[in-house]
Amino acid sequence: MFTATLIAAGRLSPQTLTDAVARLTDAGCVPGTPEWLDEGDAADIAITADPAAARTALEGAAHGVDVVVQPAAGREKRLLVADMDSTMITVECIDELADYAGLKPQIAEITEAAMRGELDFAAALDARVALLKGLDASAIERCREERVRLMPGARTLVRTMRSRGATTVLVSGGFTAFAEPVAAEIGFDRAIANILEVDDGRLAGTVTKPIVDSSTKERTLRETRLKLGISDDLTLAVGDGANDLAMINIAGLGVAYRAKPVVAAAAAARIDHNDLTALLWAQGICRSAWVTS
């Protein structure tokens, strides 16, 4: 058995669900009767056949609706591994930090190419950090206070999962100076990120090796899963860039969140329209059970 979850906070209509059932029937997926998780926000449709066809039939069928199709068993996850930049927060920290050095367009171009998978991540990070050499280290705190904002739904997602016994880990190709405060504010169990080196009060233009990259994210998911003694299907990974693909591909539910095209195309699930609370509905968790503070 599989579950197709349709999510459109405040915008999901009964007619959309009727149309979805028709599309699933035409695709040979043998759908059941839709059931609201939260009326007008999210609903489940049980299907008994061909989840890939169900996803194809439903994605893009209704404006502003996100669709998650997955096995019904093991739907609520016990481990979340999440990216930070443009996933748990709204910005790319290195691009914003570069603005204090007058280098944002130059560095942002490299960041974008790396996130699209066009550049080696570690080499691209080294190149960007080298350009920041000599920047006053006080710019880090200024950037964090002035530019870094949580992605809508981030705190609710993480705190709700933790309240239900899940372990949550933030793994970032960015920097500990941002990731550790962000993880604490959101409520993650722990954070893993790169150490931006400082020399005599100024950025040294280097990061401590080894670099936290795609392989680190994948390894973190595997090692934490083993430590917890849970199966692959009880894991959730979410990110937006090419360096998130390895963990997204091995998770029980791998989610591309407002992601680059290469990630959106490869992930088993996409969230393009809703905020991060969509991942609670995807797990079958109704709003009444959310932790919002």
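Rules used in this analysis
- Residue indices begin from 1 for each chain and proceed along its sequence in written order.
- In keeping with the predicted nature of the model, local features appear solely for residues at pLDDT of at least 70, side-chain atom pairs appear and are counted solely at 80 or more, and the whole-chain, interface and lining totals rest on all residues.
- The side-chain values count all of the structure's non-hydrogen atoms but skip hydrogen atoms and water molecules.
- Secondary structure counts use DSSP, requiring at least four H or I residues in a row for a helix and at least two E residues in a row for a strand, with both numbered from the N terminus.
- What the globule rule says is 2.2 Å times the number of residues to the power 0.38, and the radius of gyration is computed from C-alpha atoms.
- Summary of the burial criterion: residues with accessible area below 20% of their type's maximum are buried, those above 50% are exposed, and those between are partly exposed, where the area comes from a 1.4 Å probe applied to protein chains only.
- The criterion used for residue contact is that any of the two residues' heavy atoms lie within 4.5 Å.
- Surface accessibility follows the Shrake-Rupley procedure with a 1.4 Å probe radius. Residue values consider only the protein chains on display as shielding.
- By the counting scheme adopted, Arg and Lys are positive, Glu and Asp are negative, and His together with the chain ends is not counted.
- Note that the charge is assigned to NZ on lysines, CZ on arginines, CG on aspartates and CD on glutamates.
- What makes two strands pair is DSSP finding at least two bridges between them.
- Think of each axis as a best-fit line through the C-alpha atoms, taken over the contacting stretch in the case of a helix, with angles from 0 to 180 degrees between the N-to-C directions.
- Any carboxyl oxygen of Asp or Glu that lies within 4 Å of a side-chain nitrogen of Lys or Arg is treated as forming a salt bridge with it.

A.B. asks: Help me understand the overall build of the protein, please; the structure alone is not making it clear to me.
C.D. replies: Of regular secondary structure, the protein possesses twelve helices and twelve strands. Relative to a compact globule of 293 residues, whose C-alpha radius of gyration would be 19 Å, the protein shows 20 Å and is just as compact. Each of the three principal axes of the protein carries a C-alpha extent, and together these read 65 × 35 × 30 Å. The 293 residues of the protein split such that 53% are buried. By sequence separation, contacts in the protein at least 24 residues apart represent 66% of the contacts at least 6 residues apart. Accessible area for the protein stands at about 12000 Å²; split by element, carbon and sulfur atoms hold 49% of it. Where the 30 positive side-chain charges of the protein centre and where its 41 negative ones centre are 3 Å apart.

A.B. asks: Can you help me understand the sheet that holds strand E4 (residues 66-71) in this one?
C.D. replies: Strand pairing in a sheet is mediated by backbone hydrogen bonds. Such pairs are either parallel or antiparallel. A sheet is described by the order of its strands in space; here four strands give the open sequence E2-E3-E1-E4, paired in antiparallel fashion. Each of the sheet's edge strands pairs with one partner strand only, and the pair in question is strand E2 (35-38) and E4. Averaged over all neighbouring strand pairs, the angle between strand axes comes to 25°, with direction disregarded. Here strand E1 (residues 2-7) pairs with E4 via six bridges, running antiparallel. Paired with alanine 4 across the two strands is valine 69, which belongs to E4. This element, helix H1 (residues 14-26), spans E1, E2 and strand E3 (42-47) of the sheet and lies at about 20° to E3. Packed on one face of the sheet, helix H2 (residues 51-58) meets E1, E3 and E4 and runs near 175° to E4.

A.B. asks: Whenever I open this one, unusual backbone geometry confuses me. Can you help?
C.D. replies: What is expected of a backbone is that most residues other than glycine have negative phi and most peptide bonds are trans. Cis peptide bonds are those with omega within 30 degrees of zero, and the linkage from lysine 209 to proline 210 qualifies with 0°. Mapped onto the elements of the fold, proline 210 is located in the loop between strand E9 (202-207) and helix H9 (214-228). One non-glycine residue with positive phi stands out, namely valine 30, at about 55°. Mapped onto the elements, valine 30 comes out in the loop between H1 and E2. Of note in this structure, arginine 258 is not a glycine but carries a positive phi near 45°.

A.B. asks: I keep staring at the pattern of salt bridges and nothing clicks. Help me out?
C.D. replies: Pairing between side chains of opposite charge can happen when the charged atoms of each approach one another. This model, assessed by the stated rule, comprises 21 salt bridges. In this structure, the salt-bridge partner of aspartate 44 is arginine 75, at a minimum N-O distance of 2.7 Å. With aspartate 44 in strand E3 and arginine 75 in the loop between E4 and strand E5 (79-82), the pair connects residues that are 31 residues apart, well separated along the chain. In this structure, aspartate 240 engages lysine 260 in a salt bridge whose closest nitrogen and oxygen atoms are separated by 3.3 Å. On the criterion of sequence distance, the pair formed by aspartate 240 in the loop between strand E10 (235-239) and helix H10 (245-250) and lysine 260 in the loop between strand E11 (253-257) and helix H11 (261-266) is long-range, its members being 20 residues apart. In the salt-bridge network here, residues are joined through shared partners; they are Arg55, Glu59, Arg270 and Asp272.

These figures come from the coordinates and say nothing about function on their own.
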